[in-house]
Amino acid sequence: MKRRKLIITGLCFFLSACGSRATSPASAPASVTSTPRPLQALDLQPVLFQASDFPENVYLADTKSVIPPMLQVVQIYPDIVPAQKLDTIQLQSGSGAIGGAVVYLYTKSADQLRAYQILIEKFGSAQMLGTVGDQALINMMVGSVNATEKLSGKTYTLVDIAFRRCAAVGYIRLRTDGETERLAKAYAQKLDNRLKTLVC
């Protein structure tokens, strides 16, 4: 009798253990997710400029270069929505300053959209640039950098390009005596491709 009682007790313990295993959810393997880097930590300089972006006679302006106000890209739109991160480059050639580019990064899509809208508000007869960004416009005009050039009759072609790409807004302003439009479009495409890899 005592032996029978021990067998029954052992069987009950075995069934209880099995039942608790059956009702317990299986432990899932820990999922590995990559945490995106904060926008402030991103390095935009290699995105903004690479030596192959322009002809050899176009290079980064040094700190001693005199940049006309209308070619200082980061100061053209002082009322733009404050960005979580921004960086800029200024370009020059043998003839002096020719413009530059700036990239703004935003955590909020509403801020990014508003920043883009502010950029294009001053565009004149702009056209869509379908090969760049999620949305892009290009604007061209002919004029002079300063009063001296205006009086002398010297003119240039000025190209503005603004585009959106994921968390980024890009703005490019270039002026040259040559094929400014082709140069600006080619650079915008390269800049956009690098931004896509970095922030999308």
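Attention in this report is confined to the structure presented alongside it. (Residues numbered from 1 in each chain as written. Predicted model: local features only at pLDDT ≥ 70, side-chain atom pairs only at ≥ 80, totals over all residues. Heavy atoms only, no water.)

### Some thoughts on the overall build of the protein chain
- Across its full length, the protein chain carries five helices and seven strands.
- In sequence order, the protein chain lays out its α and β elements as α-α-β-β-β-α-β-β-α-β-β-α.
- Expressed as a percentage of the 200 residues in the protein chain, the buried residues total 40%.
- Summed over its atoms, the accessible surface of the protein chain is roughly 12,100 Å², and 58% of this surface lies on carbon and sulfur atoms. (Helix = DSSP H or I, 4+ residues; strand = E, 2+ residues; numbered from the N terminus. Buried < 20%, exposed > 50% of the residue type's maximum accessible area, 1.4 Å probe, protein only. Areas by Shrake-Rupley, 256 points an atom, 1.4 Å probe, with all protein chains shown as cover.)

### As for the nonpolar core
- Of all hydrophobic cores here, the largest spans 31 residues; its most connected members are Ile161, Ile172 and Leu191.
- When residues in this core are grouped by element, the largest group, seven residues, is from helix H5 (residues 180-199).
- Ile161 has contacts with Phe123, Leu129, Leu137, Ile138, Gly170, Tyr171, Ile172, Ala184, Lys185 and Ala188, leaving out every residue within four places of it along the chain.
- Listed in part, the 17 residues of the second largest apolar core include Val73, Leu119, Ala162 and Val169. (Core = buried A, V, L, I, M, F, W, Y, C linked by side-chain atoms within 4.5 Å. Contact = heavy atoms within 4.5 Å.)

### A look at the pairing of strand E6 (residues 156-165)
- Counting buried positions over the ten residues of E6 gives nine, a clear majority of the element.
- In textbook terms, the turn of a hairpin is the stretch between consecutive antiparallel strands, and for E6 and strand E7 (residues 168-176) this stretch comprises two residues, one of which, Cys166, has a positive phi near 50°. (Pairing = 2+ DSSP bridges.)

### Notes on helix H3 (residues 109-120)
- An ideal rise of 1.5 Å per residue puts 16 Å on twelve residues; H3 measures up with 17 Å between its terminal C-alpha atoms.
- All of the buried residues along H3 are Gln112, Ala115, Tyr116, Ile118 and Leu119. What you see down the axis of H3 is that its buried residues fit within an arc of 160°, all on one side. H3 presents Ser109 and Ala110 as exposed residues on the side facing more than 90 degrees away from its buried surface. (Expected span 1.5 Å × (residues − 1). Arc of directions from axis to C-beta.)

### Thoughts on the side chain of Ser93
- Within the secondary structure, Ser93 sits in strand E2 (residues 85-93).
- Looking at Ser93, the relative accessible area reads 10%, which means it is buried.
- Not counting chain neighbours up to four residues away, the residues in contact with Ser93 comprise Asn57, Val58, Tyr59 and Ile98.

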